[in-house]
Amino acid sequence: MNTSLMTHAGLLLAASSLVQAESWHLDLQSPAARSQWEYRSDKVAVGDGELRLEASGQDQCHAFYKLLNLADASLSASFYVEPEVSGVHAVGFVLGSTDLMTTHYVHYDHAQAIMCRSEAGNTWIELARISSLEKPEGRWHTARLAVGEGRMTVFLNGKELYSQACPDLKPG
């Protein structure tokens, strides 16, 4: 089973430098766009204004933007999930990466938005979840994450889903 996820210019899947009170836009059309990302899979491509992740079966694709550490920020990503009969289709944001295992992240899958914290020895410490989201396949959707003052607020298609205190969240 092949799962394809395409993202539009303006997307930020993960970030790593300190940015506060600034407006910033990711340009996936830029000739330098490919080199600004760290890939955890050979199934990730940047081209034609898209960041494209291709996965099959239980494979996972990760792309981390290397140039920013975020403190207080609002991130958004437009994403399209190809229609499939089965399989996991997910996009997300990773923040607060102080090392390879220590992060906070939000995972948007078929019908859920799940916020987790990761640390050495436990990569799925669930902080919040909402289920039964209407996120039909075959359409573009917009995920947004607002981070500030130790809180993460999660949105999908302009609707706030939940807000969660994250006292361990650090810029990164």
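Just so it is clear, the model here is predicted, and its values are computed rather than measured.

Quick look at the overall build of the protein chain now. Check the secondary structure of the protein chain and you find 0 helices and 13 strands. Per-residue burial over the protein chain gives 44% buried out of 172 residues. For the protein chain, long-range pairs separated by at least 24 residues make up 54% of all intrachain contacts whose partners lie at least 6 apart in sequence.

Turning to the sheet that holds strand 8 (residues 103-108), a few remarks are in order. Pairing within the open sheet is antiparallel, and its 4 strands lie in the order 7-8-9-10. Looking at the sheet topology across the chains shown, the edges are occupied by strand 7 (91-95) and strand 10 (122-130). Each strand of the sheet is rotated relative to its neighbour by a mean of 20°, with strand direction disregarded. Pairing between strand 7 and strand 8: 5 bridges, direction antiparallel.

This part takes up the packing of aromatic side chains. All chains considered together, the criterion is met by 2 aromatic pairs. Where F93 meets Y108, the ring centres are 6.3 Å apart and the plane angle is 80°; that geometry is what we call edge-to-face. With F93 in strand 7 and Y108 in strand 8, this pair connects stretches of sequence that are 15 residues apart. You'll find F93 and Y108 in the same group, each marked buried. When the ring of Y105 is compared with that of W124, the centres are 6.1 Å apart and the planes differ by 65°; the resulting orientation is edge-to-face. Linking Y105 in strand 8 with W124 in strand 10, this pair joins segments that are 19 residues apart in sequence. The cationic tip of R144 hangs over the ring face of F155; the distance from NZ or CZ to the ring centre is 3.8 Å.

With respect to the element layout, R52 can be found in strand 4 (residues 50-56). When the C-alpha atoms of R52 and A63 are compared, they prove to be 9.5 Å apart, with 11 residues separating the residues in sequence.

This part takes up the environment of G92. By secondary structure assignment, the location of G92 is in strand 7. Under the relative-accessibility criterion, G92 is labelled partly exposed at 22%. Distance in space between the C-alpha atoms of G92 and I114 is 9.2 Å, their sequence separation being 22 residues.

Now for the pairing of strand 8. Most of strand 8 sits out of view: 5 of its 6 residues are buried. In this structure, the hairpin formed by strand 8 and strand 9 (residues 113-119) is closed by a connection of 4 residues.

All right, on to the pattern of salt bridges then. All told, the structure shown has 3 salt bridges when counted by the stated rule. Across the salt bridge formed by D168 and R117, the nearest N and O atoms sit 3.7 Å from each other. Of this pair, D168 sits in the segment after strand 13 (159-165) while R117 is found in strand 9, placing the two residues 51 residues apart along the sequence. The exposure class of D168 is partly exposed, given its relative accessible area of 42%.

Let us look at the side chain of R117. Since its relative accessible area comes to 19%, R117 is described here as buried. Among the polar contacts made by the side chain of R117, one reaches the side chain of E119 at a distance of 2.5 Å. Residues contacting R117, with those up to four places away along its chain left out, are T103, H104, Y105, N122, T123, W124, I125, L127 and D168.

About the criteria used
Residues numbered from 1 in each chain as written. Predicted model: local features only at pLDDT ≥ 70, side-chain atom pairs only at ≥ 80, totals over all residues. Heavy atoms only, no water. Helix = DSSP H or I, 4+ residues; strand = E, 2+ residues; numbered from the N terminus. Buried < 20%, exposed > 50% of the residue type's maximum accessible area, 1.4 Å probe, protein only. Contact = heavy atoms within 4.5 Å. Pairing = 2+ DSSP bridges. Axes fitted to C-alpha atoms, helices over the stretch in contact; angles between N-to-C directions. Phe/Tyr/Trp six-rings, centres within 6.5 Å; stacked < 30°, edge-to-face > 60°. Lys NZ or Arg CZ within 6 Å of the ring centre and 35° of its normal. Salt bridge = Lys/Arg side-chain N within 4 Å of Asp/Glu carboxyl O. Polar contact = N/O pair within 3.5 Å; in protein donor to acceptor, adjacent residues only side chain to side chain.

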